[in-house]
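Descriptive structure summary
So the chains spell out like this:
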Amino acid sequence: MIHHLKKTLLTLSLIGGLISSQAFAQKQLFPEAPGMVSFTYRNQFAKDVPGTLDMIKSNGVTDIEFSNLFKQTPENLRKMCDERGIKCSSYGVSYDDLVNKTDEVGKAAKTLGATYVRVAGIPHKGAFTLDNAKQAVADFNKYGKLLKDNYGLTFIYHNHGFEYQPYEDGTLYDYLVKNTDPKYVSLELDILWAFFPGQDPAALLAKYGNRYKALHMKDLKKGVERGSLSGGTAQDNDVILGTGQIDIPAVIKAARKAGVKHYYIEDESSASVTQVPESIKYLNSLKKD
């Protein structure tokens with residue numbers, strides 16, 4: 001009888017704990033683990049791929065976007081990820097490889113298990129122009145269709161700051177979005193590379209909604225002046241999420257409404273190893289209004 005009572009009390013305690021944790025999660029704005037961009041740990045990956053994957057997993061991260069194969073074959077990298085329960089959801093390549101090595105890119109992305117192929121930049125000299133944008137639109141529509149038709153992959157374009165040149169009643173970024181075919185071209189919003197040139201990342205998410213499939217989550221150091229269309233700023237201007245200038249909760253709320261699937265942390269700074277765990281803590285501390 002006493003044993004039965006103890007068992008019942010233990011069961012009730014476990015149920016109570018489960019309900020309590022579920023209630024806590026429901027109050028969190030960001031209860032899940034974020035994803036990770038491999039560029040965050042580029043220096044570590046260059047020296048020790050399995051060890052770096054172990055570090056990523058130790059932070060609770062199981063979703064990764066590779067921007068580099070780090071001298072591994074796609075098969076070997078996939079095997080190492082599978083062994084750790086890590087999923088490569090996106091594979092980042094250069095514009096040149098998208099255009100000139102489309103099949104190689106498609107095969108590698110499929111081997112890695114990716115859903116998306118991402119390009120983060122458009123070749124141009126000096127200021128980004130309408131002609132640059134027109135060429136990119138033609139290429140993205142063409143190669144996005146090839147990746148979709150031949151490999152079942154979704155192409156996503158990642159902004160890098162230079163696209164916000166004024167054009168008509170908006171910017172050349174607006175031109176890119178409006179003239180690419182949503183069936184073959186989706187978007188990844190790098191929130192720093194929208195904010196730094198003077199844009200509002202949350203407003204962009206509201207404007208273009210489900211065109212966005214993924215975010216690069218990063219924050220811009222306080223005191224850094226905005227408004228540059230150079231597409232470049234010092235890498236150590238990437239700071240722990242919530243300590244910089246970007247309204248991260250507003251971005252996450254807008255991304256939820258847009259239906260964004262992947263929230264990758266990208267910390268380009270030299271302190272990424274210590275900053276990333278703090279960024280994850282910050283994300284998990286956010287509460288719903």
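What counts and what doesn't
Residues numbered from 1 in each chain as written. Predicted model: local features only at pLDDT ≥ 70, side-chain atom pairs only at ≥ 80, totals over all residues. Heavy atoms only, no water. Helix = DSSP H or I, 4+ residues; strand = E, 2+ residues; numbered from the N terminus. Polar contact = N/O pair within 3.5 Å; in protein donor to acceptor, adjacent residues only side chain to side chain. Contact = heavy atoms within 4.5 Å. Salt bridge = Lys/Arg side-chain N within 4 Å of Asp/Glu carboxyl O. Buried < 20%, exposed > 50% of the residue type's maximum accessible area, 1.4 Å probe, protein only. UniProt positions renumbered as here; feature names shortened; annotations may be inferred. Core = buried A, V, L, I, M, F, W, Y, C linked by side-chain atoms within 4.5 Å. Arc of directions from axis to C-beta. Phe/Tyr/Trp six-rings, centres within 6.5 Å; stacked < 30°, edge-to-face > 60°. Lys NZ or Arg CZ within 6 Å of the ring centre and 35° of its normal. Pairing = 2+ DSSP bridges. Axes fitted to C-alpha atoms, helices over the stretch in contact; angles between N-to-C directions. Parallel < 35°, antiparallel > 145°, perpendicular 65-115°, else oblique. Nonpolar A, V, L, I, M, F, W, Y, C, P; charged D, E, K, R; others polar.

**Structural notes on the side chain of Q275**
Relative to the helices and strands, Q275 resides in helix α12 (residues 272-285). Side chain to side chain, Q275 and D267 meet in a polar contact 2.7 Å long. Apart from residues no more than four positions distant in its own chain, Q275 is found in contact with D238, V239, I240, D267 and S269.

**Digging into the pattern of salt bridges**
A complete count under the given rule lists 15 salt bridges for this structure. In this structure, R256 engages E32 in a salt bridge whose closest nitrogen and oxygen atoms are separated by 3.0 Å. Here the residue R256 occupies a position in helix α11 (residues 248-258), and E32 occupies one in the loop between α1 (2-27) and β1 (35-37), the gap between them amounting to 224 residues. With a relative accessible area of 34%, R256 lands in the partly exposed category. Judged by its relative accessible area of 29%, E32 falls in the partly exposed class.

**Quick word on the UniProt feature "domain: Xylose isomerase-like TIM barrel" (unreviewed entry) in the chain**
Under the present numbering, the feature "domain: Xylose isomerase-like TIM barrel" (unreviewed entry) in UniProt falls on residues 54-285. Between the end C-alpha atoms of residues 54-285 the distance is 24 Å, and the span holds 43% helix and 19% strand.

**Notes on the nonpolar core**
Nonpolar side chains tend to gather and get buried jointly when the protein is soluble and globular. Counting 82 residues, the largest nonpolar core has F66, L189, L205, L215 and M217 as the members making the most contacts within it. Of the residues forming this core, the biggest block, seven residues, is contributed by helix α7 (residues 130-151). In this view, M217 contacts I191, L241, I248, I252, Y263, Y264, I265, E266 and L283; residues no more than four positions away in its chain are not counted.

**Structural notes on unusual backbone geometry**
The backbone of F70 sits at a positive phi, close to 50°, despite the residue not being glycine. The topology assignment puts F70 in the loop between β2 (63-66) and α4 (74-83). Positive phi outside glycine occurs at E168, with the angle close to 50°. Here E168 is to be found in the loop between β6 (166-167) and β7 (170-171).

**Some points on helix α3 (residues 49-58)**
Of all the residues in α3, the buried ones are V49, T52, L53 and I56. One side of α3 holds all its buried residues, which, seen down the axis, span an arc of 100°. In the core, the buried residues of α3 are packed alongside β1, α2 (42-47), β2 and α4. Structurally, the start of α3 carries an N-cap: the backbone nitrogen of G51 is 2.9 Å from a side-chain oxygen of D48.

**Comments concerning the packing of aromatic side chains**
Scanning all chains against the criterion turns up 10 aromatic pairs. Ring plane angle 40° and centroid distance 5.0 Å describe the contact between Y164 and Y173, whose orientation is recorded as tilted. Assigned by exposure class, Y164 and Y173 land together as buried. Grouped by ring-pair contacts, the aromatic residues Y95, F140, F155 and Y157 constitute a single cluster. In this arrangement the basic side chain of R42 is found over the ring face of F39, its NZ or CZ atom lying 4.1 Å from the centre. Here the guanidinium or amino end of R226 rests over the ring plane of F195, the centre of that ring lying 3.6 Å away.

**Quick notes on the pairing of strand β12 (residues 262-265)**
Burial along β12 is two-sided: the residues H262 and Y264 and Y263 and I265 are all buried. Sheet analysis places β1 next to β12, joined by two bridges and oriented parallel. Bridge pairing links M36 to I265 in β12.

**Some details on the packing of helix α10 (residues 201-208) against α11**
Angle between the axes and distance between the axes: these two values describe a pair of packed helices. The contact between α10 and α11 brings their axes to 8 Å, and the two run at 10°. Considered as vectors, α10 and α11 are oriented roughly parallel to each other. Across from P201, A202 and L205 in α10, the residues of α11 making contact are A250, V251, A254, A255 and A258. Looking at side-chain class alone, the contact of α10 with α11 contains eight nonpolar, no polar and no charged residues.

**Quick notes on α4**
Among the residues of α4, P74, L77, M80 and C81 are the ones counted as buried. Down the axis of α4, the buried side of the element spans an arc of 130°, and every buried residue falls inside it. Those residues of α4 that are exposed and aimed more than 90 degrees away from the buried face are K79 and E83. Of the surrounding secondary structure, the elements contacted by the buried residues of α4 are α3, β2 and α6 (102-112).

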